[in-house]
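What follows is each chain in one-letter form.
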Amino acid sequence: MATEDHVDQPAADQPEEGVRRRDFLNVAAVSVAGVGGVIAILPLVNQMNPDADVLALASIDVDLSAVEPGQTIKTSWRKQPLFIRHLTEDEIAEARAVDVSALRDPQTLEERTAEGYEQWLISLAVCTHLGCIPLGAAPGENKGEFGGYFCPCHGSHYDTAGRIRKGPAPTNLVVPEYAFTSDTTVTIG
Amino acid sequence: MSFPWAEQYTPKNPFMKWMDERLPIPRLVYNSVGAGYPVPRNLNYFWNFGVLAGLALMIQIVTGIVLAMHYTPEAGMAFASVEHIMRDVNSGWLLRYLHFNGASFFFIVVYIHIFRGLYFGSYKAPREMVWLLGVVILLLMMATAFMGYVLPWGQMSYWAAQVITGLFAAIPLVGESLQQWLLGGFAPDNATLNRFFSLHYLLPFVILGCIILHIWALHLPGSNNPTGIDVKGPQDTIPFHPYYTAKDGFGAGVFLIALAIVVFFAPNFLGHADNYIEANPLSTPAHIVPEWYFWPFYAILRAFTVDFILEAKLWGVIAMFASIIVLFFLPWLDRSPVRSGTFRPKFKIWFWVLVVDIIALAYLGGAPAEEPYVMFSQIATIYYFAHFLIILPLISRTERPLPLPNSITEAVLGKDKTTAQPVAAE
Amino acid sequence: MVRVIGFLVGLGFVVVLGYSLIVGAIAYFTEEESGPTSYDYHLYAQDVSFPSDGPLGRFDRQQLQRGFQVFREVCAACHSLEYVAFRNLTEIGFTEAEVDAIADQWPIQVPTVDENTGEETTRNAVPADNFPRVYANEVAGRAANNNAYPPDLSLMTKARGEGAAYLYSLLVGYQDPPADLPEEFLPTTGLYYNPYFPNLNLAMPPALFPDQVTYADGTEATVQQMAWDVTAFLIWTAEPRMEARKATGWAVLIFLIFATVLAFLSYKNVWRDQKH
């Protein structure tokens, strides 16, 4: 406590200055404590973000060689369901014929697929309305009025490019980032 | 609250006035830790430790709640989930090391807080209830710390659960069924881990409740002080805020620096290496010891080596529990009217012998169960019980206390009484 | 009344303890000097330092990579590294492509389920996987190793009282038993004399020999060098967040010291007019 005497002295002779300095010290001390408190909250909040092992699962490789045109496979990526649909010629033509400007979320088929791989429609199987899994992947399921997917929870219809056409969903099915590493394998994420 | 000259709470603006008439929480805070609580002006740094214990509890509760978001209380997964926290969870290593070392720091400040009470006679009338609640808090802390130590499911965790529940098996007739009831099986396993996790989460809030009662009971007579004499008038006290809040702020800074040094630069210093080996019911570590804060009690437990009417094991268990139970009776064992050890020449000597004795017990509790450690722990245990049950009652009769100062103000200012002025809150 | 009962209880404890003490003391002073114990031949760990020591210590990534090479080529045949994932290797300076290759070529495969048949099978590891266990369980490990289970190494430097120094000493400490070693402490079949091991005889055979690995950076692979490198690697596996911990620690400490000095000045300010 060597500073004790040192601190005690100055203000006595100069009350004006002293009072201001005293207030300043107390305000500074409380402010610094406040800053410390806020900083201490950061790790407590940050710990709820995805852990390193969860993030490490962020990319998967999928082998597409067995998926015939017209078929859809369901897989999972980051614990979310994912549709990989091998579009038929008709479905591609249908998707291209749509007047994009009239859509709720205007996007062409080309914008939603990889160049040279337009027959592969890869999208999250999560309805953009409230997160149900749309029908239309398995044979015989209701594909909706536009031949793509139909979400039974609140009646959203998606077309063969996974675009929202009718119902409450605000946007098209989300297309994750992916890249073809060969003609039959794709890396998602 | 307690003294007629305490500052009265007056709401500063219409909203606070509205609030005060409906839910007077600001008034409660003002009266308990604000300007409305008059405190003796002569408290020394040992009076910081009560607030520090509260701070330590808050650190434990906050870090514990977030750790529980990642921990898995399942015998096959608990150890791996702790490693998951240490490696993959964002800031997980920080939270776990804080919680793990925070427990030790909680005990450090609480032990200093207890010794403060012992030396300055804070357990005496009219503060017996404050003391009794304090002992209850200590018992709850011990239970909580023990169950928390089991959760990582390392070797020390497992064998702590085995050995400590084994203490109850020493009780005649019901002991064995009692141990099985505690464990939920014949040995520590998933059932044990799950119930310990549940109770480890619950008990800190029970402690919090007891602390509120502890503070409530304290506020009726007001705080004790280093002279141990009663507050005589307004000149003896100053408001808790800003005087003691400022002092506690400084104390909290020093406490956090000490905690940070250990957490960041020696996080495993207070732990035991064997707890980084996953629990193995088929192999006991060569040298099992509890955490350091239990060492004095562990030494008392092991001091009984020979059957004498009862089994030695049972004597050890009885003595270990008695070593804490005896604290409950302290206010009635020590009848000296003088509170503070400063004015009790004989008590003061014996008090320091007790401090050395308990430190020796701690050392011996951490040492292997071999001679000559056992003999020393027997001598130290004899002194522990003799101090509370024989020496204190005797010296409170025979001792001639030093003359007490007339008032706290006189003790602070010496003969110069003129400069003492009553102080109002700003 | 309380004091009378208390006095009697206290006297009771004193008598029982006094009796224990006398019995113990008689036994202690009349006891014959017993023969040498294994403890008399046990050595404390050698004094060895690592770049990661001390409050400013950091990992030497080059060394950790050499240590990983020793682990992969020597230790990994028997010891697992359960709590460490391949992806963590990027933290010691391997590129993602190198980690991909290390995981893909790891000699032990990861258990999985065949997508088509549903049967249990295995696949190559990927960076997201933890290092696969060498033995499916402890029984298998014991069966393959003369009933001595090779422990997991992820936490080894934290799981021994003497820490990293113990590990290093053990690796370089194999030697012939001293001539005066009592017969009961001589290694039997399948055991190897090592004075740094608590009971002197270790089931693990000496694992490191000069030039057993070829370091890419040209470091000479002496037994000491390899032991030092692999121990450094295992310090990292036990405490991979150590650098973040120390860096955060300095920042927190500097802030706290600043805040505490300020708090002290503020405290003295508030109290300046008060005698106490």
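Here, every reference points to the structure presented above.
Worth saying up front: this structure is predicted, and the values here are computed from it rather than measured.

> Quick rundown of the sheet that holds strand β2 (residues 72-77) of chain A? Include the residues and the values.
Residues and elements named next belong to chain A. Strand order in this open sheet of three strands is β2-β3-β4, and the pairing throughout is antiparallel. With partners counted over all chains shown, the strands left at the sheet margins are β2 and β4 (120-124), one partner each. Within the sheet, the average angular offset between the axes of one strand and its neighbour, ignoring direction, is 25°. In this sheet, strand β3 (residues 80-86) lies alongside β2 in antiparallel orientation, the contact comprising six bridges. From the neighbouring strand, Lys74 faces β3, where its bridge partner is Phe83.

> Before we move on, can you summarise the environment of B:Ser32 with the specific residues and values?
All names here are of chain B. By the element assignment, Ser32 lies in helix α2 (residues 25-33). The buried category is assigned to Ser32, whose relative accessible area is 16%. Sequence separation of Ser32 and Ile215 is 183 residues, and the distance between their C-alpha atoms is 8.2 Å. Residue contacts for Ser32: discarding those within four places in its chain leaves Tyr37 and His219. Within the local environment of Ser32, its side chain forms a polar contact with the backbone oxygen of Leu28, the two atoms lying 2.6 Å apart.

> Explain the packing of aromatic side chains residue by residue, including any values.
According to the stated counting rule, one finds 65 aromatic pairs over all chains in the structure shown. Measuring from ring centre to ring centre gives 6.0 Å for C:Tyr267 and C:Trp271, while their planes differ by 75°; the resulting arrangement is edge-to-face. An aromatic cluster of three or more residues is present, and its members are B:Tyr37, B:Tyr45, B:Phe240, B:Tyr243, B:Tyr244, B:Phe250, C:Phe264, C:Tyr267 and C:Trp271. Sitting over the face of the ring of B:Phe100, B:Arg96 holds its NZ or CZ atom 5.3 Å from the ring centroid. Taking the ring centre of C:Trp271 as reference, the NZ or CZ of B:Lys247 above it sits at 6.0 Å.

> Please set out the side chain of C:Ser266 residue by residue, giving values where relevant.
As for its placement among the helices and strands, C:Ser266 is situated in helix α7 (residues 242-270). Excluding anything up to four places from it in sequence, C:Ser266 contacts A:Leu25, A:Asn26 and A:Ala29.

> Break down helix α1 (residues 2-30) of chain C for me, citing the residues and quoting the values.
Look at α1(C): 42 Å from first C-alpha to last across 29 residues, which is about the 42 Å you get at 1.5 Å a residue. Of the positions making up α1(C), those classed as buried are C:Gly6, C:Gly10, C:Phe13, C:Val16, C:Leu17, C:Gly18, C:Ser20, C:Leu21, C:Gly24 and C:Ala25. Its buried side turned inward, α1(C) meets α12 (312-328) and α15 (373-398) of chain B.

> Describe the state of the cysteines, with residues and values.
Disulfides are covalent bonds that connect the sulfur atoms of two cysteines. By the definition in use, this model includes one disulfide over all chains. Shown here is the disulfide that connects A:Cys132 with A:Cys153, its sulfur atoms set 2.1 Å apart. Judged by the torsion about the S-S bond (-105°), the A:Cys132/A:Cys153 disulfide is left-handed. Placement of the pair is A:Cys132 in the loop between β4 and β5 (147-151) and A:Cys153 in the loop between β5 and β6 (156-159), with a sequence separation of 21 residues. By relative accessible area, which is 38% here, A:Cys153 ends up partly exposed. Between A:Cys151, a cysteine without a disulfide, and A:Cys127, which holds the nearest cysteine sulfur, the sulfur-to-sulfur distance is 3.8 Å. Free of any disulfide, C:Cys78 has its nearest cysteine sulfur in C:Cys75, 9.2 Å distant.

> Which residues make up a negative patch on the surface, and what values do they have?
A surface patch of like charges, here negative, comprises B:Glu371, C:Glu31, C:Glu32 and C:Glu33. Its place among the elements puts C:Glu33 in the loop between α1 and α2 (61-73). For C:Glu33, a relative accessible area of 79% gives the class exposed.

> Any details on the pattern of salt bridges? Residues and values, ideally.
For the structure on display, the rule yields 24 salt bridges over all chains. In this structure, A:Lys166 and A:Glu145 form a salt bridge, with 2.6 Å as the shortest nitrogen-oxygen distance. Within this pair, whereas A:Lys166 is found in strand β7 (residues 164-166), its partner A:Glu145 is found in the loop between β4 and β5, the two being separated by 21 residues in sequence. Since its relative accessible area comes to 38%, A:Lys166 is described here as partly exposed. When the shortest N-O distance is used, the salt bridge between B:Glu83 and B:Arg87 registers 2.7 Å. Of this pair, B:Glu83 and B:Arg87 are both found in helix α4 (residues 78-87), four residues apart, which corresponds to roughly one turn of the helix.

Conventions and cut-offs
Residues numbered from 1 in each chain as written. Chains lettered and ligands numbered in written order. Predicted model: local features only at pLDDT ≥ 70, side-chain atom pairs only at ≥ 80, totals over all residues. Heavy atoms only, no water. Pairing = 2+ DSSP bridges. Helix = DSSP H or I, 4+ residues; strand = E, 2+ residues; numbered from the N terminus. Axes fitted to C-alpha atoms, helices over the stretch in contact; angles between N-to-C directions. Buried < 20%, exposed > 50% of the residue type's maximum accessible area, 1.4 Å probe, protein only. Contact = heavy atoms within 4.5 Å. Polar contact = N/O pair within 3.5 Å; in protein donor to acceptor, adjacent residues only side chain to side chain. Phe/Tyr/Trp six-rings, centres within 6.5 Å; stacked < 30°, edge-to-face > 60°. Lys NZ or Arg CZ within 6 Å of the ring centre and 35° of its normal. Expected span 1.5 Å × (residues − 1). Disulfide = S-S within 2.5 Å. Patch = residues over 30% accessible without salt bridge, like charges linked within 9 Å, V, L, I, M, F, W, Y side chains within 5 Å. Areas by Shrake-Rupley, 256 points an atom, 1.4 Å probe, with all protein chains shown as cover. Salt bridge = Lys/Arg side-chain N within 4 Å of Asp/Glu carboxyl O. Lys, Arg positive; Asp, Glu negative; His and termini not counted. Charge placed at Lys NZ, Arg CZ, Asp CG, Glu CD.

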